[in-house]
Amino acid sequence: MATEFEQQLRSVSLRVTQPRLAVLTAVNTHPHSDTDSIIASVRQKLPGVSHQAVYDSLHALTEAALLRKIQPSGLVARYESRVGDNHHHVVCRSCRRIDDIDCAVGDPPCMTPSDDHGFVIDETEVIHWGLCPDCAAAVQADADVIADPVTARTTSKIKIKNDS
């Protein structure tokens, strides 16, 4: 994997450095990671690396289009190594999990603007929001407990019993 990352860096005329390789590895291993998570991952391999070295690497790799930076509304910036295609994202409103969604085929709504204001548009970014399967199941389980007072009492007794 390191050799592949070295080739990627050289292909965009970037020097091969340990922080850049570690950042590429971290983002490739954990897509949609925030900066703090990337720093923690890089420091497992390079304990002495500075925050600034990671920030500089993220910036250089993003500028070179080896990484993509996304920032859904209300969230910190995230980074991914899936670049060069027009994919979109789905974000869980509860746990903030982010997954990739391939671009829809055919004539999806809102992909062609009603007025481009003279822009030459080359990309459309779509972010879908909702609940991931785990959070949706938890919401449904909570709704089931509230809907059934007998289950709610039983669940309360179990919770108290587990706490002691």
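Placed above this text is the structure.
Residues numbered from 1 in each chain as written. Predicted model: local features only at pLDDT ≥ 70, side-chain atom pairs only at ≥ 80, totals over all residues. Heavy atoms only, no water.

Quick word on the overall build of the chain
Next up, step 1: Looking only at helices and strands, one finds 6 helices and 6 strands in the chain.
Next up, step 2: Of the regular secondary structure in the chain, the N- to C-terminal order runs α-α-β-α-α-β-β-β-β-β-α-α.
Next up, step 3: Looking at the chain as a whole, 27% of its 164 residues are labelled buried.
Next up, step 4: Summarising the internal contacts of the chain: among those between residues at least 6 apart in sequence, 45% fall at separations of at least 24. (Helix = DSSP H or I, 4+ residues; strand = E, 2+ residues; numbered from the N terminus. Buried < 20%, exposed > 50% of the residue type's maximum accessible area, 1.4 Å probe, protein only. Contact = heavy atoms within 4.5 Å.)

Remarks on the pattern of salt bridges
Next up, step 1: Summed over the entire model, instances satisfying the criterion amount to 6 salt bridges.
Next up, step 2: Where Arg-10 meets Glu-6, a salt bridge forms, and the shortest distance between an N and an O atom there is 3.8 Å. Note that Arg-10 and Glu-6 are positioned in helix α1 (residues 2-11) at a spacing of 4 residues, about one turn of the helix.
Next up, step 3: For Glu-6, a relative accessible area of 24% translates into the label partly exposed.
Next up, step 4: Salt-bridge contacts for Asp-85 lead to Arg-82; the nearest nitrogen and oxygen are separated by 2.7 Å.
Next up, step 5: Classification of Asp-85 by relative accessible area gives partly exposed; the value is 31%. (Salt bridge = Lys/Arg side-chain N within 4 Å of Asp/Glu carboxyl O.)

A short note on the packing of helix α3 (residues 35-45) against helix α4 (residues 51-63)
Next up, step 1: Running from amino to carboxyl end, α3 crosses α4 at an angle of 115°, the nearest separation of the two axes being 10 Å. Relative to α4, the element α3 is oriented roughly perpendicular. Our pair here, α3 against α4, has a crossing hand that is right-handed. Along the contact surface, α3 presents Thr-35, Ile-38, Ile-39, Val-42 and Arg-43, while α4 presents His-51, Val-54, Tyr-55 and Leu-58.
Next up, step 2: Here the contact of α3 with α4 is composed, by residue class, of 6 nonpolar, 2 polar and 1 charged. (Axes fitted to C-alpha atoms, helices over the stretch in contact; angles between N-to-C directions. Parallel < 35°, antiparallel > 145°, perpendicular 65-115°, else oblique. Left-handed = near helix turned anticlockwise from the far one by under 90°. Nonpolar A, V, L, I, M, F, W, Y, C, P; charged D, E, K, R; others polar.)

Comments concerning the pairing of strand β4 (residues 88-92)
Next up, step 1: Extensive coverage of β4 is indicated by the burial of 4 of its 5 residues.
Next up, step 2: Summarising the sheet, β4 and strand β5 (residues 98-101) pair through 4 bridges and their orientation is antiparallel. Note that in β5 the partner of Val-90 across the bridge is Asp-99.
Next up, step 3: Hairpin connection from β4 to β5: 5 residues lie between these consecutive antiparallel strands, with Arg-96 at a positive phi of about 75°.
Next up, step 4: In this structure, β4 lies alongside strand β6 (residues 127-130), joined through 4 bridges in parallel fashion. Each bridged residue has a counterpart across the sheet, and for Val-91 the counterpart in β6 is Trp-129. (Pairing = 2+ DSSP bridges.)

Here we look at the side chain of Arg-68
Next up, step 1: Assignment of secondary structure puts Arg-68 in strand β2 (residues 68-70).
Next up, step 2: Of the polar contacts made by the side chain of Arg-68, one reaches the backbone oxygen of His-87; its length is 3.3 Å.
Next up, step 3: Once residues lying within four places of it in the same chain are set aside, the contact partners of Arg-68 are Arg-78, Tyr-79, Glu-80, Arg-82, Val-83, Asp-85, His-87, His-89, Glu-123 and Glu-125. (Polar contact = N/O pair within 3.5 Å; in protein donor to acceptor, adjacent residues only side chain to side chain.)

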